Amino acid sequence: MARRAKIYEGKAKILYEGPEPGTVVQYFKDDATAFNAEKKEVIEGKGVLNNRLSEFFMSGLNNIGVPTHFIKRLNMREQLVRNCEIIPLEVVVRNYAAGSISKRLGIEEGTQLPRPVVEYYYKDDSLGDPIVSEEHIAAFNWASSQDMDDILGLALRVNDFLSGVMFSVGIKLVDFKIEIGRFFEGEYQRLLIADEISPDSCRLWDIKSGEKLDKDVFRRDLGSLTDAYTEVANRLGLLPKTNSQIKPTLVR
Ligand code: TMP
Ligand code: ASP
């Protein structure tokens with residue numbers, strides 16, 4: 001079969017031309033990077049886990065009426081998504097202080113914030129994705145004020161959905177990052193959740209023990225990243241039961 005044309009290669013994913021106009025194939029690599037790719041490793045199986053986890057979160061969002069780019073999973077590493085133009089912003093929602101907000105504002109990690117805090121970062125690796133204000137976003141025309149109203153609404157709906165889903169399996173959603181895409185339906189522009197939602201782009205802490213189940217395990221050298229992501233996928237019921245978990249009477 002002819003190899004599909006590559007559209008773009010990022011740090012964790014590759015985009016290929018899709019089978020129909022308006023579609024793209026999103027391939028999940030095993031590469032893990034942190035600190036703007038200063039730290040790099042190949043972690044076998046990470047791509048497979050993130051493909052499955054992102055499918056789960058995105059299709060859940062589609063089902064409750066939060067539009068996403070996700071169409072269907074194709075195989076272990078690829079999913080079919082809607083082609084869209086990515087708004088050059090990383091939208092971060094925080095429920096508890098951790099990572100850069102703790103550093104920047106001197107808030108102890110784990111402190112619950114009085115309300116969800118939404119931040120915007122300009123997506124530019126050469127600048128290290130700097131934090132920006134809505135003033136910058138308007139002045140440089142990265143998104144309109146109508147877009148920003150819609151983006152805030154989408155980000156808070158994703159936060160409520162993800163927080164609830166994770167809480168139901170004993171995990172605290174500390175914070176997460178999403179990217180927003182735009183596409184045109186006739187003359188109407190629509191926004192949707194694009195990229196991925198996975199433990200690469202969220203902070204997830206076990207509610208009881210506080211154990212980290214996200215990319216901080218890699219960023220901070222805390223143990224096995226695949227064990228952490230497998231734990232999240234298992235709790236959400238996304239992995240087939242191993243033989244040892246199958247009742248002997250069912251094994252013929
Ligand atoms: P931060 O505390 O480093 O600003 O990260 C906030 C959230 O955004 C956290 O869940 C990790 C996620 N994130 C990304 O997905 N990509 C990035 O490049 C960065 C810096 C953070
Ligand atoms: N994704 C970013 C990088 O590679 C940063 C991060 O997730 O910490 O480098």
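Everything below is about the structure shown above.
Note that the coordinates shown come from a computational prediction; the quantities given were computed from them, not determined experimentally.

### Quick notes on the pairing of strand S6 (residues 70-73)
In terms of strand pairing, S6 meets strand S7 (residues 78-82) through 3 bridges, oriented antiparallel. Residue pairing across strands places Arg-73 opposite Gln-79, the latter belonging to S7. What sits between the antiparallel neighbours S6 and S7 is a turn of 4 residues.

### Some points on the nonpolar core
Residues Val-158, Ile-178, Ile-180, Ile-193 and Ile-197 are the most contacted members of the largest nonpolar core, which totals 50 residues. At 9 residues, the largest contribution of residues to this core is made by helix H4 (residues 145-167). Setting aside its immediate chain neighbours within four residues, Ile-178 contacts Leu-89, Glu-90, Val-91, Ala-155, Val-158, Ile-193 and Ile-197.

### A few points about a negative patch on the surface
A surface patch of negative charge is lined by Glu-134, Glu-135, Asp-149 and Asp-150. Put simply, the parts of the chain that give the negative patch at least two residues each are helix H3 (134-139) and H4.

### Describing the side chain of Asn-159
Mapped onto the elements, Asn-159 comes out in helix H4. Residue classification places Asn-159 among the buried positions, given a relative accessible area of 2%.

### Some words on the site of ligand 1
Neighbouring ligand 1 are 15 residues; Arg-94, Ser-100, Asp-175, Lys-177 and Arg-203 lie closest to it. A distance of 2.9 Å separates an oxygen atom of ligand 1 from a polar atom in the side chain of Arg-203. Against a free-state accessible area of 450 Å², the protein chains account for coverage of 77% of ligand 1. Secondary structure elements with two or more residues in the shell around ligand 1: strand S9 (89-96), helix H2 (99-105), strand S12 (171-185) and strand S14 (202-206). Of the residues belonging to the shell around ligand 1, the class tally is 5 nonpolar, 3 polar and 7 charged.

About the criteria used
- Residues numbered from 1 in each chain as written.
- Chains lettered and ligands numbered in written order.
- Predicted model: local features only at pLDDT ≥ 70, side-chain atom pairs only at ≥ 80, totals over all residues.
- Heavy atoms only, no water.
- Pairing = 2+ DSSP bridges.
- Helix = DSSP H or I, 4+ residues; strand = E, 2+ residues; numbered from the N terminus.
- Core = buried A, V, L, I, M, F, W, Y, C linked by side-chain atoms within 4.5 Å.
- Buried < 20%, exposed > 50% of the residue type's maximum accessible area, 1.4 Å probe, protein only.
- Contact = heavy atoms within 4.5 Å.
- Patch = residues over 30% accessible without salt bridge, like charges linked within 9 Å, V, L, I, M, F, W, Y side chains within 5 Å.
- Areas by Shrake-Rupley, 256 points an atom, 1.4 Å probe, with all protein chains shown as cover.
- Salt bridge = Lys/Arg side-chain N within 4 Å of Asp/Glu carboxyl O.
- Lys, Arg positive; Asp, Glu negative; His and termini not counted.
- Charge placed at Lys NZ, Arg CZ, Asp CG, Glu CD.
- Near = heavy atom within 4 Å.
- Polar contact = N/O pair within 3.5 Å; in protein donor to acceptor, adjacent residues only side chain to side chain.
- Nonpolar A, V, L, I, M, F, W, Y, C, P; charged D, E, K, R; others polar.

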